[in-house]
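# Breakdown of the fold
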Amino acid sequence: MSAISIATSLYTVKKQYVMLHDMVAAHSVVRVSVCRGNKDIEHAMSTELVPGDVIVIPANGMIMPCDAALIHGTCIVNESMLTGESVPVTKTSLPSSGEEAAMSYDMEEHKRHTLFCGTQVIQTRFYAGELVKAVVIRTGFSTEKGQLVRSILYPKPTDFKLYRDAYLFLLCLVGVAGIGFIYTIVLSVMNKVPAKTIIIESLDIVTITVPPALPAAMTAGIVYAQRRLKRVGIFCISPQRINMCGQLNLVCFDKTGTLTEDGLDLWGIQRAEGGSFSPPESDAAKESLVDSPFVACMATCHSLTKIEGELSGDPLDLKMFSGTGWILEEPTEEETALHNPIMPTVVRPPKHAVPEANQNNPLTQNMDLSELSSCEIGIVRQFPFSSALQRMSVVVRKLGEKHMDAYLKGAPEVVASLCKQHTVPQSFTETLETYTRQGFRVIALAHRQLESKLSWHKVQNLSRDLIETNMEFLGLIIMQNKIKEETAGVLCELRQADIRTLMVTGDNMLTAISVARDCGMVRAHERVIIADAVPPKDFHPASITWRYTENPAQTIKDNQTVEINLEEEEEEEEEEAYDKQVTQQEQSYHFAVNGKTFAVITEHFPQLIQKLVLRATVFARMAPDQKTQLVEILQSIDYTVGMCGDGANDCGALKRAHSGISLSELEASVASPFTSSTSNISCVPNLIREGRAALITSFCVFKFMALYSIIQYLSVTLLYSILSNLGDFQFLFIDIAIILIIAFTMSLNPSWKELVRRRPPSSLISGPLLCSVLTQILTCLVFQVLAFLLVRQQSWYETWTPQSDACNVSSSSPSHSLNVTSPHDHKNIRNYENTTLFYVSSFQYLAVAIVFSKGKPFRQPSYKNWPFMLSCICLYIFLLLIMLYPVPAIDSFLEIVCVPHDWRVTLVIIVFVNAAVSFMLEILILDIILWRLVFRGNQGLNRPTECPSASADAPQEANNHWGSSFLSWLFCQKNKPPSVRYMHLALKLQDDADWPPRPSTVTYASEPQSHMSNPL
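Residues numbered from 1 in each chain as written. Predicted model: local features only at pLDDT ≥ 70, side-chain atom pairs only at ≥ 80, totals over all residues. Heavy atoms only, no water.

Moving on to helix H19 (residues 509-518). Burial of H19 is extensive: 10 of the 10 residues sit out of reach of the surface. Listing the buried residues of H19 in full gives Met 509, Leu 510, Thr 511, Ala 512, Ile 513, Ser 514, Val 515, Ala 516, Arg 517 and Asp 518. A positive backbone phi angle near 90° is found at Gly 520, which sits one or two residues after H19. (Buried < 20%, exposed > 50% of the residue type's maximum accessible area, 1.4 Å probe, protein only. Helix = DSSP H or I, 4+ residues; strand = E, 2+ residues; numbered from the N terminus.)

So this is what it looks like as structure tokens:
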């Protein structure tokens, strides 16, 4: 059994290592061109590269075998291998002059100039007569990909109670084995057993008590769960985390691409002219706007590129550019050779897009094509989008113009702060709130005319800070980001299962709140409190302003929102019934925090951060490292955290969470433990269901293997008292025919179809599980001792010898001998006690297997697990046949002796009564009485915002109040404080009259507990 267990575990680990090795080797061992000296280029294997080597990036691209900094040229790179985000990104060469060029190279600061190992260079853009070159920075396990591979090979320890308690439980079994070890030695010495036999039998009791097949049985359950997940499109690279998914009580969701559609639709534009907004316009491609700076900004300020003739890039950029109707043309290799130093990417309106005034003018009807194309714009310099800066910009030159222009786009608040104040409309804030409150994604545009003296060479060396200042505000682009069809239903399912949900996004605060309301994360009657923190400045301490948002229940939005509100109205009666049982404070508010506020609070208000995250639901404008920090804070108050994102900017949080789920079609993505091939969050309930099923399976298998050891331990201990033992082939039959088959088939139960509020226990050292194991041990002990004593009281009982023929002795005839059985040979296997205990214990293994193999509410019923049921039925039939109708050959093989038929019938009655008692104790006592009235209290207060479906249990709780109180007192559960921190904190805040802060108040860092009135 030990060999099988070790072999199974080694096979699983080896298979995963081979897959990982093949994936790494396929990308890391390639032939590269290395620059030696000035012009010499030689070919070498990537395994020979060292930091400092200069490699040439071929024009048709390559898979990077190392981390390298781009020093010449531009590359279009697919970084999906690392991030799971399939949108290509543009990498530019390191700056050669200016302040940025004087800085030391830093991987984070210069990420947009770095080519990472494992990423695919799709296309290169190069200078005339020059090659695209990059200098090797890191190789092997030091690379970004190498660190991910290292994290897979040596993952962060999963501090899960199941595994810690398993060791404690095994130590208890070792203690039991120690008692048996001493008992065997003392008994053998007293009976003058030879020393060799004493050693063998005393060590035998140790191997019996500690089950050698336990690791293999536990591994099998996880492997089955991994296969079921793969069938529903969820791929796993960290199987041990599947069990942890069963304990998730909080899930963080990214917004764009996760809760909402990836693609954005251009709803309209709103230009700013003369310091005020013009009316919204739906068509940006109309001819009257061709010459406007607004459309020019839309057409040029992006990172799009053509790959095999198709535009590729960020979905937002694609929608924005296609909304203009313009055409993008990139230079060919021949064209770049004719221009010095660079041939820019050119955008131009379609030929028919000429202002109507010019079309009707007869003087313009004979204009040359070059004159009609006077709107052509060349993109001279591009500053890529930075998630930290929340903006991007370009420097362009219009055909025929002597000066260059700079265009900027980004988050409205950021763009407005970089513009001249008189160009920003006074109604900017109100207009922005109007759109974001309706769930639109808003992007602001700005423009600046550069000095005529700036040449192309000078522009290439300017820093973006000099360009992105003193801009003129152009207006807003309004994008519609629709919620995915599955989102609202999945979030409702999670809420009904008492699993808290959060939104963590880089988008605008009010947009995020609107989406949270539309998808049901924040319900219509619940209030949202926005925390707006300001860092210390000019001797003023850091402060937090608490703003209460309006209740948007009466606001009519798009059709999708109306449908969601109608669904909420259908639940109104149920919600009202529940609201009567909880306080207004408990049910009515959520916090919303942006990235800037989050940073200030973590630094200056550490005493508030845990209180805040306990009820915060929306986190907007969060940087990637802040998402990871949020996950860590949630884990610090004992939440089991899941993170679901589309892979972009979520990698740190995906890896740090207990269960990270990347929504990507790329199975090879190693950014998170789980990768879903479906692009919506319907995978989250599936993963939690399978996690719960796997966790319950682990408990079932562990309890069964523990009982198997204890049952066999009891049998052997009783037989040792008469200097007997189980035979070798009896051990073999029990281990192979019963235990191995049952342990590997009882793990095949698939998950239950619904998520329920109740969660499986996470610890083996818990009340229900300990009661379950102890009651079954006592039951097995009682029936084994009963059978052992009864057989010795039978009238036909005698010392067994080869001449004994108890089968033909009448049950009414007197006993021939009442002496204690004396050994016939040195092992004394064949005797009536051995035969009796072998039959009883064999049925006990099957009984506890069926009792422990539970179905609803976490797994499908056992009768749907046909391999398990078939195994149990076949074993029951076989054991009953050989017991009631003995076969001499089988009796001889198993070393069992013939007993009277009356005693066989008695044994049948004993084993069936044993099974009935085991079943009644497990189902009636533990599942119904103790769990529902005592231990269920530990499941309460899973999250501060309870689900309305909890009201269904109210009548039963009232009826069983006296029983619950008595049993709680009996099991020391009365007034027991919560075992996890977030529950304890929630109870503490219920008694805090100053929490949540009142509207229009300010909290200062110097006075963390006081609030001062301050009108907003």
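This next bit is on the packing of helix H27 (residues 683-720) against helix H30 (residues 832-852). Relative orientation of the contacting elements H27 and H30 amounts to 165°, with a least axis distance of 10 Å. Relative to H30, the element H27 lies roughly antiparallel. Pair H27 / H30 crosses with right-handed handedness. Residues Cys 700, Lys 703, Phe 704, Leu 707, Tyr 708, Ile 711, Gln 712, Ser 715, Leu 718 and Leu 719 of H27 form the contact with H30, whose own contacting residues are Glu 833, Asn 834, Leu 837, Ser 841, Gln 844, Tyr 845, Val 848, Ala 849 and Phe 852. Looking at the contact of H27 with H30, its residues break down into 12 nonpolar, 5 polar and 2 charged. (Axes fitted to C-alpha atoms, helices over the stretch in contact; angles between N-to-C directions. Parallel < 35°, antiparallel > 145°, perpendicular 65-115°, else oblique. Left-handed = near helix turned anticlockwise from the far one by under 90°. Contact = heavy atoms within 4.5 Å. Nonpolar A, V, L, I, M, F, W, Y, C, P; charged D, E, K, R; others polar.)

What follows concerns the environment of Arg 448. Structurally, the position occupied by Arg 448 is in strand E22 (residues 440-449). With 44 residues separating them in the primary sequence, Arg 448 and Met 404 have C-alpha atoms 8.9 Å apart. Within the structure, the side chain of Arg 448 is placed 2.8 Å from the backbone oxygen of Leu 466, a separation counted as a polar contact. A polar contact of 3.5 Å, which involves the side chain of Arg 448, links it to the backbone oxygen of Thr 469. (Polar contact = N/O pair within 3.5 Å; in protein donor to acceptor, adjacent residues only side chain to side chain.)

Of all 10 residues making up E22, 8 are buried, and the element is well covered by its neighbours. In this sheet, E22 lies alongside strand E21 (residues 405-410) in antiparallel orientation, the contact comprising 6 bridges. By the bridge assignment for E22, Tyr 407 is matched with His 447. Across 8 bridges, E22 lies against strand E23 (residues 472-480) in antiparallel orientation. When the sheet's bridge partners are listed, Ile 443 is paired in E23 with Ile 477. (Pairing = 2+ DSSP bridges.)

Right, let's talk about the packing of aromatic side chains for a bit. Using the criterion set out here, one finds 20 aromatic pairs in the structure. Between Phe 428 and Phe 473 the ring centres are 5.6 Å apart and the planes differ by 85°, which places this aromatic pair in the edge-to-face class. Of the two residues, Phe 428 is situated in helix H15 (residues 428-437) and Phe 473 in strand E23; the sequence distance between them amounts to 45 residues. The pair Phe 428 / Phe 473 is uniform in exposure class, with both members buried. Both rings, one in Trp 546 and one in Trp 995, keep their centres 6.0 Å apart while their planes meet at 80°; by these two values the pair is edge-to-face. (Phe/Tyr/Trp six-rings, centres within 6.5 Å; stacked < 30°, edge-to-face > 60°.)

Moving on to the pattern of salt bridges. All chains considered together, the criterion is met by 21 salt bridges. Across the pair Glu 329 and Arg 348 runs a salt bridge, and its minimum N-O distance is 3.0 Å. With Glu 329 in strand E17 (residues 327-329) and Arg 348 in strand E18 (residues 345-348), this pair connects stretches of sequence that are 19 residues apart. Among the residues examined, Glu 329 registers a relative accessible area of 33% and is labelled partly exposed. The network of salt bridges with common partners includes Arg 271, Glu 273 and Glu 281. (Salt bridge = Lys/Arg side-chain N within 4 Å of Asp/Glu carboxyl O.)

If you trace the 4 strands from one edge of the open sheet to the other, you get E4-E9-E6-E7, paired in antiparallel fashion. Of all strands in the sheet, those bounded by a partner on one side alone are strand E4 (62-63) and strand E7 (89-91). Where E4 lies against strand E9 (residues 120-125), 2 bridges are found, and the strand directions are antiparallel. Residue pairing for E9: Met 62 is matched across the bridge by Val 121.

Here we take up the sheet that holds strand E14 (residues 276-277). In spatial order, the strands read E14-E13-E23-E22-E21-E20-E19-E18-E17; together these 9 strands make up an open sheet with antiparallel pairing. The open sheet has two edge strands, E14 and E17, and neither has a second partner. Across 7 bridges, strand E19 (residues 377-386) lies against strand E20 (residues 391-398) in antiparallel orientation. Considered in E20, the bridge of Arg 381 is made with Val 395.

This brings us to unusual backbone geometry. Residue Pro 857 is reached from Lys 856 by a cis peptide bond, and omega for that bond is 15°. The topology assignment puts Pro 857 in the loop between H30 and helix H31 (866-884). In this structure, Pro 996 follows Trp 995 across a cis peptide bond, with omega equal to 5°. You can see Pro 996 is positioned in the loop between helix H36 (981-990) and strand E32 (1001-1004). One non-glycine residue, Glu 895, lies in positive phi territory at about 60°. Relative to the assigned elements, Glu 895 resides in the loop between helix H32 (888-894) and helix H33 (901-933).

A word on the nonpolar core. If you look at the biggest cluster of nonpolar residues, it comprises 89 residues, and the most contacted ones within it are Phe 704, Met 705, Ile 738, Ile 739, Ile 742 and Tyr 832. The leading source of residues in this core is H27, at 19 residues. Ignoring anything within four residues of it in the chain, the contact list for Met 705 reads Pro 211, Ala 213, Leu 214, Ala 217, Ile 739 and Ala 743. (Core = buried A, V, L, I, M, F, W, Y, C linked by side-chain atoms within 4.5 Å.)

In short, shape yes, function no, at least from these values alone.
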